[in-house]
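Analysis of the macromolecular model
So the chains spell out like this:
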Amino acid sequence: MIKTDILIIGAGPTGLFTVFEAGLLKLKCHLIDALPQPGGQCSEIYPKKPIYDIPAYPEILAGDLTEKLLEQGKQFKPGFTLGERAETIEKLEDGSFIVTTDKGTEHHAPVVAIAGGLGSFEPRKPPIHNISAFEDKGVNYIIKDPEVYRNKRVVIAGGGDSALDWTIYLADLAKEVTLIHRRNEFRGALDSVEKVQELKNQGRVKLITPAEVTSLVGDHKLEAVVVTQAQHIQKEFEIETDFFIPLFGLSPKLGPIANWGLEIEKNAIKVNNALDYQTNIPGIFAIGDVNTYPGKLKLILCGFHEATLMCQAAYQIINPGKKYVLKYTTVSGIDGFDGTRKEAPKAVIKSIN
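Here we summarise the structure given alongside this text. Model, not experiment: these values are computed from the prediction. (Residues numbered from 1 in each chain as written. Predicted model: local features only at pLDDT ≥ 70, side-chain atom pairs only at ≥ 80, totals over all residues. Heavy atoms only, no water.)

Remarks on the overall build of the protein
Our working definition: Numbering of helices and strands runs from the N terminus; a helix is a DSSP stretch of H or I covering at least four residues, while a strand is a stretch of E covering at least two. For the exposure calls, accessible area comes from a 1.4 Å probe over protein chains only, and a residue counts as buried if that area is under 20% of its type's maximum, exposed if over 50%, partly exposed in between. Here a residue-residue contact requires only that any non-hydrogen atoms of the pair lie within 4.5 Å. All accessible areas in this document rest on Shrake-Rupley with a 1.4 Å probe, and a residue is counted as covered only by the protein chains that are shown. Here Asp and Glu are counted as negative and Lys and Arg as positive; His is not counted, and neither are the chain ends. A charge is said to be at NZ when it belongs to Lys, at CZ for Arg, at CG for Asp and at CD for Glu.
For the protein, the count of helices and strands is seven helices and 25 strands. In terms of overall dimensions, the protein has C-alpha extents of about 75 × 65 × 40 Å along its principal axes. The buried share of the protein, taken over its 353 residues, is 45%. A fraction of 58% describes how many contacts in the protein between residues 6 or more apart in sequence connect residues 24 or more apart. Carbon and sulfur atoms make up 52% of the accessible area of the protein, which amounts to about 18,700 Å² in all. Averaging the positions of the 40 positive and the 44 negative side-chain charges in the protein gives two centres separated by 4 Å.

Okay, structure coming up:
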């Protein structure tokens, strides 16, 4: 049985920042995540994509943000149960909870903070009859390490931001990049659309629209894709390639959490945003993209704010009747659970002659 003060379900940016905020209140955290490493979507889906709206960082790669958050919370010695999914929850008579994973690991805590992002993700797969035969043999739904595609031939399918962004990124890395979309119009940032247009004009990217990949060719690995193009007359042709990357988005699911008796609205957990982001079950909070309330914005920086207020409420649950006096870290400093201390230099009292 793993015991902690706050059990955090989800080790994405919001969950990782919770470790720091809880640590300031002398509360210890343990995190559960189905992924094999912390970081959530930032590590699993787009580690090499830049994020532009993190305070104090004009631009930071998603993977680097994860590393910074881990470094920030390291002094508070969080525990991790990775590669396991939170499966069941049991509320005890004293109001605390036991959460058990799909592998049988039990966790006991007086407070549970669900920070599971949009839930678990499954890629939206195109309706290609033999696509499953080529998964991990040339067909990838998520780009984890762009270096895999260096000097390779790549076909990307999709018309949103992800397809446009990776087309732009891989144009400098891959031997050949082809972007295929079933419409002539793209749903993405205007500057990204214009950049792809520029790359096409320069001959650095091939663009085929309106068209769809309708079949895959190869023996033991992908060798080519069959493209059906719909113009005045429908025509079919093959493109030789090393990789096919269909980027049609991800389908989020709450998974077992949906069966925990929480109030759910449109695949998100309803919370009280007027106070502390608590759910309809006292002691269980939901923070970050997993929650919903009037005016909700699914942004990382909003998750950071929610985590901060949630920790204040968690402190009152864990220390009933005990008053916490908020002090700025510039004044109080930070005492880590590992014995370290960070503090601003003290003012020197000295007369000037």
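What about the packing of helix α1 (residues 13–24) against helix α3 (residues 62–73)?
This is how the line gets drawn: Fitting a line to C-alpha atoms yields each axis, with helices limited to the stretch in contact; the angle taken between N-to-C directions then spans 0 to 180 degrees. By definition in this entry, angles of less than 35 degrees are roughly parallel, angles greater than 145 are roughly antiparallel, angles of 65 to 115 are roughly perpendicular, and the rest are oblique. Should the near helix be turned counterclockwise from the far one by less than a right angle, the crossing is left-handed, whereas a clockwise turn marks it as right-handed. Throughout this entry, Asp, Glu, Lys and Arg are counted as charged residues, while Ala, Val, Leu, Ile, Met, Phe, Trp, Tyr, Cys and Pro are counted as nonpolar. The remaining residues, Gly among them, count as polar.
Two elements in contact, α1 and α3, have axes whose closest approach is 8 Å; the angle formed by their N-to-C orientations is 20°. The angle between α1 and α3 places the two elements in the roughly parallel class. As α1 runs across α3, the sense of the crossing is left-handed. Counting all contacts with α1, which are made through Pro13, Leu16, Phe17, Val19 and Phe20, the residues of α3 involved are Thr66, Leu69, Leu70, Gln72 and Gly73. Considering only residue class, the contact of α1 with α3 consists of seven nonpolar, three polar and no charged.

Points about unusual backbone geometry
Residues Thr209 and Pro210 are joined by a peptide bond in cis, for which omega reads -20°. Here Pro210 lies in the loop between β14 (206–208) and β15 (211–217). Here Asn267, not a glycine, exhibits a phi torsion of approximately 65°, which is positive. Mapping Asn267 onto the fold places it in the loop between β20 (264–265) and β21 (268–270). Taking the relative accessible area as the measure of exposure, Asn267 reaches 35% and is therefore partly exposed. With a phi angle near 65°, Tyr277 is a residue other than glycine that sits in the positive phi range.

A closer look at the packing of aromatic side chains
Working definition: an aromatic ring pair is given by the centre-to-centre distance plus the angle between the planes. To be explicit about the condition: Only centres within 6.5 Å qualify two rings of Phe, Tyr or Trp (six-membered ring in Trp) as a pair; their planes then separate them into stacked at under 30 degrees, edge-to-face at over 60, and tilted for everything else.
Tallied over the full model, the rule gives eight aromatic pairs. An angle of 75° between the planes, with centres 5.4 Å apart, marks the rings of Trp166 and Tyr169 as edge-to-face. Pair noted here: Trp166 and Tyr169 are both in helix α4 (residues 161–170), with a separation of three residues, about one helical turn. Under the relative-accessibility criterion, Trp166 is labelled buried at 4%.

Here's the deal with helix α5 (residues 190–201)
Using the following cut-off: In this analysis, the expected span of each helix is defined as 1.5 Å times one less than the number of residues it contains. Along the arc lie the directions from the helix axis toward the C-beta atoms.
Here α5 is twelve residues long and its end C-alpha atoms lie 17 Å apart, about the 16 Å a rise of 1.5 Å per residue gives. By the burial criterion, the buried members of α5 are Ser192, Val196 and Leu199. For α5, the arc enclosing every buried residue in end-on projection is 60°, short of the 170-degree limit, so these residues lie on one face. Residues of α5 that are exposed and point over 90 degrees away from its buried face: Leu190, Asp191 and Asn201. One or two positions beyond α5, positive phi appears at Gly203, with a value near 80°.

Some words on the sheet that holds strand β16 (residues 224–229)
As a reminder, the rule being used: A pair of strands is labelled paired if DSSP reports no fewer than 2 bridges between them.
Spatially, three strands are ordered β15-β16-β17 in an open sheet, and the strand pairing comes out antiparallel. Two strands in the sheet have a free side with no partner beyond their single neighbour: β15 and β17 (235–240). Across the sheet, the axes of successive neighbouring strands diverge by a mean angle of 30°, strand direction being ignored. Sheet topology note: the β16/β17 ladder contains six bridges and is antiparallel. Bridge pairing in β17 places Ala224 opposite Glu240.

Re the pairing of strand β7 (residues 86–91)
Residues in a regular strand project their side chains so that they alternate between the two faces of the sheet. As paired strands, β7 and strand β8 (residues 97–101) are joined by five bridges and run antiparallel to one another. Following the sheet pairing, Lys91 is matched in β8 by Phe97. Between the antiparallel neighbours β7 and β8 lie five residues, among them Gly95 with a positive phi of about 90°.

Some thoughts on the sheet that holds β7
Overall, mixed pairing links the four strands, which are arranged β1-β9-β8-β7 in an open sheet. Single-partner strands in this sheet number two, and they are β1 (2–3) and β7.

Observations concerning the pattern of salt bridges
Filter applied, for reference: By convention in these notes, a salt bridge is any Lys or Arg side-chain nitrogen within 4 Å of a carboxyl oxygen on Asp or Glu.
In total, this model carries 14 salt bridges according to the counting rule given. Among the ionic pairs, Glu263 bridges to Lys270, the shortest N-O distance being 3.5 Å. Of the residues examined, Lys270 reaches a relative accessible area of 31% and is grouped as partly exposed. Between Arg341 and Asp335 there is a salt bridge, with the nearest N and O atoms lying 2.9 Å from each other. Arg341 sits in the partly exposed class, given a relative accessible area of 39%. Asp335 sits in the partly exposed class, given a relative accessible area of 33%. Each of the salt bridges in this network shares a partner with another, and the network as a whole consists of Lys26, Asp335, Arg341 and Glu343.

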